[in-house]
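# Descriptive analysis of the structure
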Amino acid sequence: MKKITTLYDFLHVDAGLESVMQFQTRSLSKTYSVDVSVASIKNNMKHYFGKNIDLNEHSPEFINNSLLKIIFSFLNKSSLKNLKDRDLFISQSFICSRLADYMKQKFKIPHVVFFHHPPNFLYTSGWKWARGDIKRIIAYFAGILIGPILKKMHKKYMLNADLIFSNSRYTAKRFKEIYGIDSKILYPPIGDFFRIATDKDKRKIKEKYKLNNKFIFSYGRLIPDKGYDYLINCFKYLPKKIDIVLAGKIKEKYKQELILIAKKYNSEKKLRFLGFVSEEELVQLNSAASCFAFPALKEDFGLVPVEAMACGCPAVGWKDGAGPEETIIPNVGGFLAKPYNSEDFANKIKLCLNKRWDKKKITKSVNKFREKEIAKKFIPRIRELLQ
């Protein structure tokens, strides 16, 4: 049986990229022997891929610090030398592309790239992206100091890759502009459990969190570069009875920044933070919400609004040429707002609140992003490469 290893820098949180890796391992393990290798794993993520998928670290055991593990894996391009019996590597990042490229040059092992976005620290990062996260701060200054060298290295890895997937047309366009080569578009998939919840479950979730009948919902990585300040500024234009409800982990400093914005509009009590919620509750919240707000700027794909629409919730994002324009069909699955205008974003939210939606039609509009549909495009490409 052919052996495939999918690679990433760290496994610390459950986010969009990590869910794509879950899809890769699930779909490939039906035919191949699949495992996952990362530089750093947090204890709460050790069983993220299930009991049948091996998850290992390719950094030395004697290094305990996660940041040092990641740095060491970059400096030591032969970090994967113990995996020379593999038939394929799938990389998800700049660092892992470096490691996989070394294994291809040394042992002739094919290398597939999943291109989620250009390396932020080399092409699109600013201080807002880096602040508050030591890993990003180090990457930010590395990009400033040795950016041209790293860009040249990364282009070489991309040119050497056997197959490259981009997660949207927008990302594929950026990839072509930077590296001068084409990539195959493969959208991140949504799990089948994202469905319209029953009326009973919607009532239950509203009762648990004491939510109003109508509310705006958003979730994901609650970090500054995801544009939540634009969403909170919408309080200035929204009806006073409407709450904005956020789910996901958030650092206290950033939470207070968002509360401070809400206070400008006397709306701090209408800004709700639920913290971590289970997948079951996520489906219920998406199904119960009147609108899903996705304020991220120039997002390469944007998985969470697709998950919301799969639950019958209309979504609002920016009409900025990025991923959400490929997923949100105006008047069918939600609306797109003029970038980056909080008043227009609020107006599009109000359209969601006032429109009578066909929830089944919303769900149907994103069925092409279901796992079984994405697998039909993914598995044949891998099979062809391994023949």
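The structure displayed is predicted, hence computed values, not measured ones. Each residue is numbered by its place in its chain's sequence as written, counting from 1. Only residues with pLDDT of 70 or above have their local features reported here, since the model is predicted, and side-chain atom pairs are shown and tallied only from 80 upward, although totals for entire chains, interfaces and linings are computed over all residues. Side-chain calculation: all heavy atoms of the structure are included, whereas hydrogens and water are not.

## A word on the packing of aromatic side chains
To keep things clear, this is the line we draw: Any two rings among Phe, Tyr and Trp, with Trp reduced to its six-membered ring, count as a pair given centres within 6.5 Å; such a pair is stacked if its planes are under 30 degrees apart, edge-to-face if over 60, and tilted if neither. Numbering of helices and strands runs from the N terminus; a helix is a DSSP stretch of H or I covering at least four residues, while a strand is a stretch of E covering at least two. When a residue's accessible area, from a 1.4 Å probe over protein chains only, is under 20% of the maximum for its type it is buried; when over 50% it is exposed; and in between it is partly exposed. In our convention, an over-ring charge means Lys NZ or Arg CZ found within 6 Å of a ring centre and within 35 degrees of that ring's normal.
Counted according to the given criterion, the structure contains 26 aromatic pairs. Between the aromatic rings of Phe94 and Phe121, the centroid separation amounts to 5.8 Å while the plane-to-plane angle is 80°, which identifies the pairing as edge-to-face. Of the two residues, Phe94 is situated in helix H3 (residues 94-107) and Phe121 in helix H4 (residues 120-123); the sequence distance between them amounts to 27 residues. The class of Phe94 is buried, set by a relative accessible area of 7%. Overall, Phe121 belongs to the buried group, its relative accessible area being 16%. Joined through ring pairs, the aromatic side chains of Phe23, Phe114, Phe165 and Phe378 make up one cluster. The lysine or arginine in question, Arg98, covers the ring of Phe74, its NZ or CZ lying 4.9 Å from the ring centre. Above the plane of the ring of Phe10 lies Lys135, whose end atom (NZ or CZ) is 5.2 Å from the centre.

## A word on the pattern of salt bridges
Inclusion rule: Basic side-chain nitrogens of Lys or Arg form a salt bridge, by our definition, when they fall within 4 Å of a carboxyl oxygen of Asp or Glu.
Counted according to the given criterion, the structure contains 16 salt bridges. Lys3 serves as the salt-bridge partner of Asp85, at 2.9 Å between the closest nitrogen and oxygen. Of this pair, Asp85 sits in the loop between helix H2 (66-75) and strand E4 (88-91) while Lys3 sits in strand E1 (residues 3-11), and the two are 82 residues apart along the sequence. You can call Asp85 partly exposed: its relative accessible area is 40%. The exposure class of Lys3 is partly exposed, given its relative accessible area of 31%. Here Asp201 and Lys204 are joined by a salt bridge, their closest N and O atoms 3.8 Å apart. Taken together, the residues span about one helical turn, with Asp201 and Lys204 both in helix H8 (residues 199-209) at a distance of 3 residues. Take Lys204: its relative accessible area is 42%, and that puts it in the partly exposed class. Salt bridges sharing common partners tie together Lys3, Asp35, Asp85 and Arg86.

## Examining the sheet that holds strand E13 (residues 334-337)
Heads up, the rule is: A pair of strands is considered paired only if DSSP assigns at least 2 bridges between the two. Lines fitted to C-alpha atoms define the axes, with helix axes restricted to the stretch in contact, and inter-axis angles between N-to-C directions lie between 0 and 180 degrees.
On the basis of which strands lie adjacent, the open sheet formed by 6 strands has the order E10-E9-E8-E11-E12-E13 and parallel pairing. Across the chains shown, the open sheet's two edge strands, defined by having one partner strand only, are strand E10 (271-275) and E13. Strand-to-strand twist across the sheet, computed as the mean angle between neighbouring axes with direction ignored, equals 25°. Both strand E8 (residues 215-219) and strand E11 (residues 291-293) contribute to a ladder of 2 bridges, which runs parallel.

## Observations concerning the nonpolar core
Short version of the rule: We define the nonpolar core as a collection of buried residues of types Ala, Val, Leu, Ile, Met, Phe, Trp, Tyr and Cys that are connected through side-chain atoms lying within 4.5 Å of one another. Residues are treated as being in contact if the distance between any of their heavy atoms lies within 4.5 Å.
One finds Phe217, Ile349, Phe378 and Ile382 to be the most contacted residues of the largest nonpolar core, which totals 111 residues. Setting aside residues up to four positions removed in sequence, Ile349 forms contacts with Ile216, Leu231, Cys234, Leu238, Cys291 and Val316.

## As for the layout of surface pockets
We apply this condition: For cavity detection a 1 Å grid was placed over the protein atoms alone, and a set of points counts as a cavity when a 1.4 Å probe fits there but cannot get out; an open set counts as a pocket when protein lies on both sides within 12 Å along at least five of seven lines, with lining residues being those that have an atom within 4 Å of a point. Grid points are joined across faces, edges and corners, and a volume is the space filled by probe spheres set on the points. Gly is put with the polar residues, along with every residue not named as nonpolar or charged; the nonpolar set is Ala, Val, Leu, Ile, Met, Phe, Trp, Tyr, Cys and Pro, and the charged set is Asp, Glu, Lys and Arg.
Taken as a whole, the second largest pocket spans an internal volume of roughly 370 Å³. As for the second largest pocket, its lining consists of 22 residues, of which Ser37, Asn56, Glu57, Asn82 and Leu83 are closest to the centre. Among the elements of the structure, E1, strand E2 (33-41) and strand E3 (54-57) are those that each provide at least two residues to the lining of the second largest pocket. The residue inventory of the lining of the second largest pocket, partitioned by class, reads 6 nonpolar, 10 polar and 6 charged.

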